[in-house]
Amino acid sequence: MKYQTQKVAYAYFLCAMGLFGIQVLGGLIAGWIYVSPNFLSEILPFNIIRMIHTNALIVWLLLGFFGAAYFLVPEESEREIYSVKLAYLQLIILVVGTLGAVGSYLVGIHGGREFLEQPLWVKIGILIAALIFLFNISMTVLAGKKTAITNVLLMGLWLLSLLWIFAFINPDNLSLDKMYWWFVIHLWVEATWELVMAAILAFLILKLTGVDREVVEKWLYVIVATALFSGILGTGHHFYWIGLPGYWQWIGSIFSTFEVIPFFLMMSFAFIMVWKGRRNHPNKAALLWSLGTATVAFFGAGVWGFLHTLHGVNFYSHGTQITAAHGHLAFYGAYVALNLAIISYAMPILRGREPYNQVLNMVSFWLMTGGMAFMTFVLTFAGIIQTHMQRVVGDYYMDVQDSLSIFYMMRFGSGAFVVLGALLFIYSMLVVRKREVITPGPANPAPAISVPGE
Amino acid sequence: MAEILTKSRARNIFYAGSLFFVVIFVVLTVHSHYYVVTKSTAGMPLTDEVVLGKHVWERHSCINCHTLHGEGAYFAPELGNVMTRWGVQEDPESAAEVLGIWMESQPSGVDGRRQMPRFVLTPEEVRGLSEFLRWADQTDTQGWPPNDAG
């Protein structure tokens, strides 16, 4: 660890992983209710469990972003964090708010806008924590060296915090409510979070491959430009059927098609930099997660997003399991895997030891990624059948659902693998084993040409 | 990438282009807001009953099982057109009556069937909720959903 105050990130990553555990266990229970609908139905209904599943996800991803910022900004700005006390105060507010929210959901106190169900005091707490963060990290950057990575990271974090204001705006008119709700939801995950993702990925690639900073940063600006050029008007793909004007069908279809580009560029960027890079970095797990997040984000957010974004398709697929399939792979690829990449990279440094339990970490990558991919496939199949039976033929919802039960069983199975992978990841981060599970071979730089017969 | 695209050029394109798209987005949003208020939702007044119903809808987090205009959880039926499906969209009295009976019959307790919790509502709240769902149903959603199955 080059700067002492980077240690703050350790506490953020621990809390993030704790909530990650809660999130996937919540998902597992929700998946089981699809298989066995009477499970917990009187004590803990599905809507409460889903709230915990989605809210825990959002908060742990944000904690990961904050932790990543506290970890990488000192290295980029070449100075200590402005105030460690404020950083811990921010974390305490967020953790108390999150636990308070989960507690109040369990006793039935919650809002009713999807993903924004936090009670008002928690929402205000999040706002205060975000303001503390922005002040703290901006003071650090302003006093130190400014790089493209900190520029883009800060811009993303400032904008996502500003957009949080719309979490407080809830018009009585349902269609307006929905329109402003997307200002938080879409402009987070398909605009500002992409800036954060691209910045963190650029930092990781810079460290792991040793490619020239100038090259990395140029790519970074091109990636985030394509993200915002497509993502801002791409919001239109949520405006097709909620009472907004018809022109959104064309604007949304065209611009959200372009939303594939930043994800394709991030994937290309990661692989090209690894190809060009001369560094043989010892932390292979962090490299796997970095390439993994870029790749799975391209498929989950890019390909699976495009699959149902054109308005002619979306007219039939809107609000079916196809959306659920896309949502799971996109969040996993773009944001979960990204956080696990920075955690995999930072933890050995924060704990002052060499990369450890890398093999277990890499096993967890394949368990989670394999499980998520399988879940996405079965939900996509379920969604296609649902779309046809319900939207084309006109069969009633529950009749259609009954015929999808085999897919929900397979989804539960794949979810179990994801949970197993998540727990293994947390174990590989927290528990220190004396030796690797598999001893690594000697470093062996690749020759320029392959030798026949070898 | 070509040498003509330097880092500072890429940065300037990013800032200027983003600002350009933000401006377009804001203009379209203002128009959309106006369109919602004056056209797509104007078929039925936004009464106190409808607002009460929206609060009931939110307090019980209906959105985390159901979809409304296709948005929400995919665990339970679409409700944006439920009043049409039940054939009571044009009849507020029957709408409230049918909804009240439905709410009171939950949970069904049928084995192997998804369970809707029992939400204890006052008659005013039931009436508000049914008005809210009727209000949502009359919204011009560009022809969505494709059929009454929702």
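Predicted, not measured: the structure shown is a model, and the values here were computed from it.

S.K.: Where do I start with the overall build of chain A in this structure?
M.R.: Helix and strand content of chain A: 15 helices and zero strands. In terms of C-alpha radius of gyration, chain A reaches 22 Å, essentially the compact-globule figure of 22 Å for 454 residues. Projected onto its principal axes, the C-alpha positions of chain A cover 60 × 60 × 45 Å. Burial analysis of chain A (454 residues in total) assigns 64% to the buried set. At a minimum sequence separation of 6, the contacts of chain A that also span at least 24 residues come to 85%.

S.K.: Even after reading the chapter, I still don't get the packing of aromatic side chains, so can you show me in this structure?
M.R.: Aromatic rings considered in pairs are described by the distance between their centres and by the relative angle of their planes. Tallied over the entire structure, the rule returns 48 aromatic pairs over all chains. Plain terms: the ring middles of A:Phe255 and B:Phe21 are 5.7 Å apart, the flat faces sit at 70° to each other, and that makes the pair edge-to-face. Taken together, the residues span two chains, with A:Phe255 in helix α8 (residues 247-258) and B:Phe21 in helix α1 (residues 7-40). Accessibility expressed as a relative area gives 12% for B:Phe21, which makes it buried. Residues B:Phe20 and B:Phe21 carry aromatic rings whose centres are separated by 5.2 Å and whose planes lie at 75° to one another, so their mutual orientation is edge-to-face. Taken together, A:Phe65, A:Trp164, A:Phe168, A:Trp188, A:Trp193, A:Phe331 and A:Tyr335 form an aromatic cluster joined through their ring pairs. Above the face of the A:Tyr10 ring, A:Lys7 is positioned so that its terminal group lies 5.1 Å from the ring centre. A cation over an aromatic ring shows up here: A:Arg411 above the ring of A:Tyr34, its NZ or CZ 4.6 Å from the ring centre.

S.K.: Before we go on, may I ask you to explain the interface of chain B and chain A in this structure?
M.R.: Taken together, the contacts link 72 residues of chain B with 82 residues of chain A. Interface area lost by chain B to chain A is led by B:Lys7, B:Phe25 and B:Tyr74, which between them contribute 12%. Viewed at the interface, chain A and chain B are joined by five salt bridges. A:Asp177 serves as the salt-bridge partner of B:Lys54, at 2.8 Å between the closest nitrogen and oxygen. Summed over the shared surface of chain B and chain A, the result is 38 residue pairs in polar contact (both at pLDDT 80 or more). Among the elements of the structure, α1, α2 (48-59), β1 (67-68), β2 (71-72) and α5 (123-138) of chain B are those that each provide at least two residues to the side of chain B that touches chain A. Considering each element in turn, the side of chain B that touches chain A owes the most residues, 21 residues, to α1(B). Grouping the constituent residues of the side of chain B that touches chain A by class yields 35 nonpolar, 26 polar and eleven charged.

S.K.: Teacher, can you tell me more about unusual backbone geometry here?
M.R.: Residues and elements named next belong to chain B. Of note, the bond from Gln106 into Pro107 is cis; its omega dihedral lies within 30 degrees of zero at -10°. Residue position: Pro107 is located in the loop between α4 (92-104) and α5. Residue Pro145 follows Trp144 across a cis peptide bond; omega there is 0°. For Pro145, the location among the structural elements is in the segment after α5. Here the phi dihedral of His69 falls at roughly 55°; this positive angle occurs in a residue that is not glycine. Its relative accessible area of 3% is what places His69 among the buried residues. Backbone geometry at Gln142 places phi at a positive 60°, although glycine is not the residue there.

S.K.: I would appreciate a short explanation of the environment of A:Asn361 in the present structure.
M.R.: With respect to the element layout, A:Asn361 can be found in helix α13 (residues 358-393). Along the chain, A:Asn361 and A:Leu106 lie 255 residues apart, while their C-alpha atoms are 33 Å from each other.

S.K.: Honestly, the pattern of salt bridges in this entry has me stumped. Any pointers?
M.R.: Pairs may arise between side chains of opposite charge once their charged atoms sit close together. Residue and element names in this part refer to chain A. Evaluated as defined, the whole model comprises 16 salt bridges over all chains. For Glu78, the salt bridge goes to Lys145, with nearest N and O atoms at 3.6 Å. Taken together, the residues span a long stretch of sequence, with Glu78 in the loop between α2 (46-77) and α3 (84-106) and Lys145 in the loop between α4 (120-143) and α5 (148-163) at a distance of 67 residues. For Glu78, a relative accessible area of 46% puts it in the partly exposed group. Residue Lys145 is classed as partly exposed on the basis of its relative accessible area, which comes to 39%.

S.K.: How should the environment of A:Trp250 be read in this particular structure?
M.R.: Structurally, the position occupied by A:Trp250 is in helix α8. Here the alpha-carbon distance between A:Trp250 and A:Leu310, two residues 60 residues apart in the chain, equals 8.5 Å.

S.K.: Please explain the nonpolar core as it appears in this structure.
M.R.: In globular proteins that are soluble, nonpolar side chains generally tend to be buried together. A:Leu157, A:Trp188, A:Trp193 and A:Ile200 are the most contacted members of the largest nonpolar core, which totals 168 residues. Sequence-distant contacts of A:Leu157, that is, excluding residues within four places in its chain, are made with A:Phe65, A:Phe66, A:Ala69, A:Phe133, A:Leu134 and A:Val196. Core analysis: the second largest hydrophobic core is formed by 24 residues, B:Cys62, B:Ala95, B:Leu99 and B:Trp135 among them.

S.K.: Quick question: what am I supposed to make of the environment of A:Trp366 here?
M.R.: All names here are of chain A. Among the structural elements, Trp366 can be located in helix α13. Residues Trp366 and Leu288, 78 residues apart in the sequence, show an inter-C-alpha distance of 9.8 Å. For Trp366, the contacting residues outside a window of four places in its chain are Leu288 and Gly371.

S.K.: What exactly am I supposed to notice about the state of the cysteines here?
M.R.: Here a disulfide denotes a covalent bond joining the sulfur atom of one cysteine to the sulfur atom of another. Counted according to the given criterion, the structure contains zero disulfides over all chains. Not part of a disulfide, B:Cys62 finds its nearest cysteine sulfur in B:Cys65, a span of 8.5 Å.

S.K.: What is the right way to look at the confidence of the model for chain B in this model?
M.R.: Should the pLDDT be low somewhere, the predicted coordinates at that spot are not to be read in detail. Looking at chain B as a whole, its pLDDT mean stands at 95, while 99% of the residues score no less than 70. Model confidence for the complex is summarised by a pTM of 0.96, with the ipTM given as 0.96.

S.K.: Just checking my understanding: could you explain the side chain of A:Thr309 for this structure?
M.R.: Residues and elements named next belong to chain A. The residue Thr309 is located in the loop between α10 (284-307) and α11 (311-317) in this model. Relative accessible area serves as the criterion here: at 4%, Thr309 is assigned to the buried category. One polar contact links Thr309 to His237, side chain to side chain, over a distance of 2.9 Å. Setting aside its immediate chain neighbours within four residues, Thr309 contacts His237, Tyr240, Ser253, Ser256, Thr257 and Asn314.

About the thresholds
- Numbers given to residues run from 1 along each chain, matching the order in which its sequence is written.
- Key to labels: chains lettered from A, ligands numbered from 1, both in the order written.
- Totals for whole chains, interfaces and linings use every residue, but because this is a predicted model, local features are given only for residues with pLDDT of at least 70 and side-chain atom pairs only at 80 or more, for both listing and counting.
- Derived side-chain values reflect all non-hydrogen atoms in the structure, with water molecules and hydrogen atoms excluded from consideration.
- Put simply, DSSP marks the helices as runs of H or I at least four residues long and the strands as runs of E at least two long, and each gets a number from the N terminus on.
- When we talk radius of gyration, it's over C-alpha atoms, and the globule rule is simply 2.2 Å times the number of residues to the 0.38.
- The buried label goes to any residue with under 20% of its type's maximum accessible area, the exposed label to any with over 50%, and the partly exposed label to all in between, with areas taken from a 1.4 Å probe on protein chains only.
- Throughout, a contact is declared for two residues whenever any of their heavy atoms are within 4.5 Å.
- Stacked, tilted and edge-to-face are the three classes applied to pairs of Phe, Tyr and Trp rings, where Trp contributes its six-membered ring and a pair requires centres within 6.5 Å; stacked means planes under 30 degrees apart, edge-to-face means over 60, and tilted covers the rest.
- Only when the NZ of Lys or the CZ of Arg is both within 6 Å of the ring centre and within 35 degrees of the ring normal is a charge said to sit over the ring.
- Values labelled buried area give the accessible surface lost by two parts on being combined, using a 1.4 Å probe and summing over both.
- Just to be clear on terms, a salt bridge is a Lys or Arg side-chain nitrogen sitting within 4 Å of an Asp or Glu carboxyl oxygen.
- Throughout this description, a polar contact denotes any pair of N or O atoms lying within 3.5 Å of each other; where both atoms belong to protein, one of them has to be capable of donating a hydrogen while the other can accept it, and for residues adjacent in sequence the pair is counted only when both atoms sit in side chains.
- Following the grouping adopted for this structure description, the nonpolar residues are Ala, Val, Leu, Ile, Met, Phe, Trp, Tyr, Cys and Pro, the charged ones are Asp, Glu, Lys and Arg, and the polar ones are all others, Gly among them.
- What we call a nonpolar core is a set of buried Ala, Val, Leu, Ile, Met, Phe, Trp, Tyr and Cys residues that are connected through their side-chain atoms within 4.5 Å.
- We call a pair of cysteine sulfur atoms a disulfide when they lie within 2.5 Å.
- In predicted models, pLDDT denotes the confidence assigned by the predictor to each residue on a 0 to 100 scale.

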